[in-house]
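Architecture and fold: a report
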Amino acid sequence: MKKLIQALFVSLLVCASSNVYGQNTNISDSFDSTQTYKIELNDGSAFFGNILLKDSINMVMRTSSIPKLEIPILKIKRIDEIDESNLKNGSYWFPNPNATRYLFSPSAFNLKKGEAYYQNTYLSINSFNVGITDNISIGGGLEFISTFGSLAAGSFEPIFFITPKIGVEVTESFHAGGGLLYASLPLFGSFRRRGFGIGYGVGTYGSTDHNITGGLGWGFFEEEFSERPIITFSGMTRIAKKTALVTENWFVPIDSYYGVFSYGIRFFSETMAVDLAFINNADLAEVLIVGMPYISFVVKL
């Protein structure tokens, strides 16, 4: 199993290092004058609009405020084809950099082929995820708090996990997906480990900026599966260019269903997202009325 995890991380790093933006366009390509493009210059400035024509020296663009803008080819750093719906009142709202996940649980949106990200939660849980195809992704990670006990026993035995996932677009506004979280738990003082995790299915309604997701998952510990499913209900809405509200809620079958709820805010840029949230229920509120703090950040690679 350790060799499998090592191989997984090598493949993740290789894929991440070769990642390119899926909609990046070569300057030598032909352009559709009805399509919207983002032209980024070497000095970091950017223009959005339609490319009317190009020659060996200049590219001519029409923006919402400039009917004819000539841009020297030598000053262009990159060109991206963008969705016109991301232009709001003349301002470009870059795509949500972390639409595939809420706090812990996933949405049905999937990474595109070659996309990858690194996630850190509570400084201790570290993971990578990468799109193998537009519909299949795989991830893996390590949890380091448990290593303190293993180091005291003279070994390095963190909890590690893998997270394969499939996501498909059923309609423009509905996506379906499923996957597996498998984790390996060390037994300190021995060479044995125990496996546990959850197999799940999810459905997401909405866009990457405004969506809700419902899911069912069956937990397992070694060879024993839960008889009743864990139920999840999550949602996210983007309230500004760089801000969204996020909630994730779990109903776990312990005798009757036991609820755990969360609410938080997500700040993001084109390549990073930071989650600040609280996890709460009646029991947690007795200790801390607002709930247990949750902190995580994601960096697109």
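Quick note: structure is the one above.
About the thresholds
- Residues numbered from 1 in each chain as written.
- Predicted model: local features only at pLDDT ≥ 70, side-chain atom pairs only at ≥ 80, totals over all residues.
- Heavy atoms only, no water.
- Helix = DSSP H or I, 4+ residues; strand = E, 2+ residues; numbered from the N terminus.
- Buried < 20%, exposed > 50% of the residue type's maximum accessible area, 1.4 Å probe, protein only.
- Contact = heavy atoms within 4.5 Å.
- Areas by Shrake-Rupley, 256 points an atom, 1.4 Å probe, with all protein chains shown as cover.
- Core = buried A, V, L, I, M, F, W, Y, C linked by side-chain atoms within 4.5 Å.
- Phe/Tyr/Trp six-rings, centres within 6.5 Å; stacked < 30°, edge-to-face > 60°.
- Lys NZ or Arg CZ within 6 Å of the ring centre and 35° of its normal.
- Pairing = 2+ DSSP bridges.
- Patch = residues over 30% accessible without salt bridge, like charges linked within 9 Å, V, L, I, M, F, W, Y side chains within 5 Å.
- Salt bridge = Lys/Arg side-chain N within 4 Å of Asp/Glu carboxyl O.
- Polar contact = N/O pair within 3.5 Å; in protein donor to acceptor, adjacent residues only side chain to side chain.
- 1 Å grid on protein atoms, 1.4 Å probe; cavity = no way out; pocket = protein on both sides within 12 Å on 5 of 7 lines; lining within 4 Å.
- Points joined across faces, edges and corners; volume = space filled by probe spheres on them.
- Nonpolar A, V, L, I, M, F, W, Y, C, P; charged D, E, K, R; others polar.

Quick look at the overall build of the protein now. Helix and strand counts for the protein stand at 3 helices and 22 strands. Taken across its 301 residues, the protein has 42% of its residues classed as buried. Here the analysis covers contacts within the protein between residues at least 6 apart in sequence; of these, 46% occur between residues at least 24 apart. Approximately 16400 Å² of the protein is accessible, and the part contributed by carbon and sulfur atoms is 63%.

Our next topic: the nonpolar core. Among the nonpolar cores identified, the biggest contains 13 residues, and L103, M236, V246, F268 and Y294 are the most heavily contacted of them. Elements represented by at least two residues in this core include exactly β19 (243-254) and β21 (272-280). At 3 residues, β21 tops the list of elements feeding residues into this core. The residues contacting Y294, other than those within four sequence positions of it, are L103, F104, Q119, T121, Y122, D275, L276, A277 and I279. Ranked by size, the runner-up nonpolar core spans 12 residues in total, among them F31, L41, I71 and I76.

With the rule as written, the count across this model stands at 11 aromatic pairs. Seen from their ring centres, F48 and Y92 are 4.6 Å apart, and the 25 degrees between their planes marks the pair as stacked. With a gap of 44 residues between them, F48 in strand β3 (residues 46-54) and Y92 in strand β8 (residues 91-92) connect regions that are remote in the sequence. Given the relative accessible area of 21%, F48 is considered partly exposed. Relative to F268, the ring of F94 lies with its centre 6.1 Å away and its plane at 80 degrees, an arrangement referred to as edge-to-face. Remark: F268 occurs in strand β20 (residues 256-268) and F94 occurs in the loop between β8 and β9 (116-121); sequence separation between them is 174 residues. The residues F94 and F268 share a single accessibility class, namely buried. The residue whose ring lies beneath R228 is Y257, and the NZ or CZ to ring-centre distance is 5.2 Å. Of note, R238 hangs over the ring of F94, and the distance from its end group to the ring centre comes to 5.2 Å.

Bringing the pairing of β3 into the picture now. Across 4 bridges, strand β2 (residues 36-41) lies against β3 in antiparallel orientation. Looking at the pairing, Y37 lines up with G49 of β3. Counting the residues in the hairpin turn of β2 and β3 gives 4 residues, including G44, whose phi is positive at 95 degrees. Across 4 bridges, the pairing between β3 and strand β4 (residues 58-62) is antiparallel. Looking at the pairing, I51 lines up with M61 of β4.

A word on a nonpolar patch on the surface. Taken together, I132, I136, I166, V168, V170, F174, Y205, I212 and F233 make up a surface patch of nonpolar side chains, about 790 Å² in accessible area. The element best represented in the nonpolar patch is strand β13 (residues 165-171), accounting for 3 residues. Relative to the helices and strands, F174 is located in strand β14 (residues 174-186). On the accessibility criterion, F174 (32% relative accessible area) is partly exposed.

Okay, the environment of T208 next. Position of T208 among the secondary structure elements: in the loop between β15 (193-206) and β16 (210-221). Measuring from C-alpha to C-alpha, the distance between T208 and N98 comes to 8.8 Å, with 110 residues separating the pair along the chain. Beyond its immediate chain neighbours, meaning those up to four positions away, T208 contacts N96, A99, F109 and M236.

Counting through the fold element by element, D80 comes out in strand β6 (residues 76-82). Here R78 takes part through its side chain, which lies 2.8 Å from a polar atom of the side chain of D80.

Attention now moves to the layout of surface pockets. Approximately 1100 Å³ is the volume found for the second largest pocket. Around the second largest pocket sit 42 residues that line it, and R101, F104, F161, T163 and L181 are the ones nearest its centre. Of all the secondary-structure elements, those providing two or more residues to the lining of the second largest pocket are β9, β10 (125-131), β11 (136-143), β12 (159-162), β14, β15, β16 and β18 (230-240). Here the residues of the lining of the second largest pocket are counted per class, giving 23 nonpolar, 16 polar and 3 charged.

Within the element layout of this structure, N96 appears in the loop between β8 and β9. A polar contact is formed between the side chain of N96 and the backbone oxygen of T208, at a distance of 3.0 Å. Residues within four places of N96 in sequence aside, it is in contact with T208, D209, M236 and R238.

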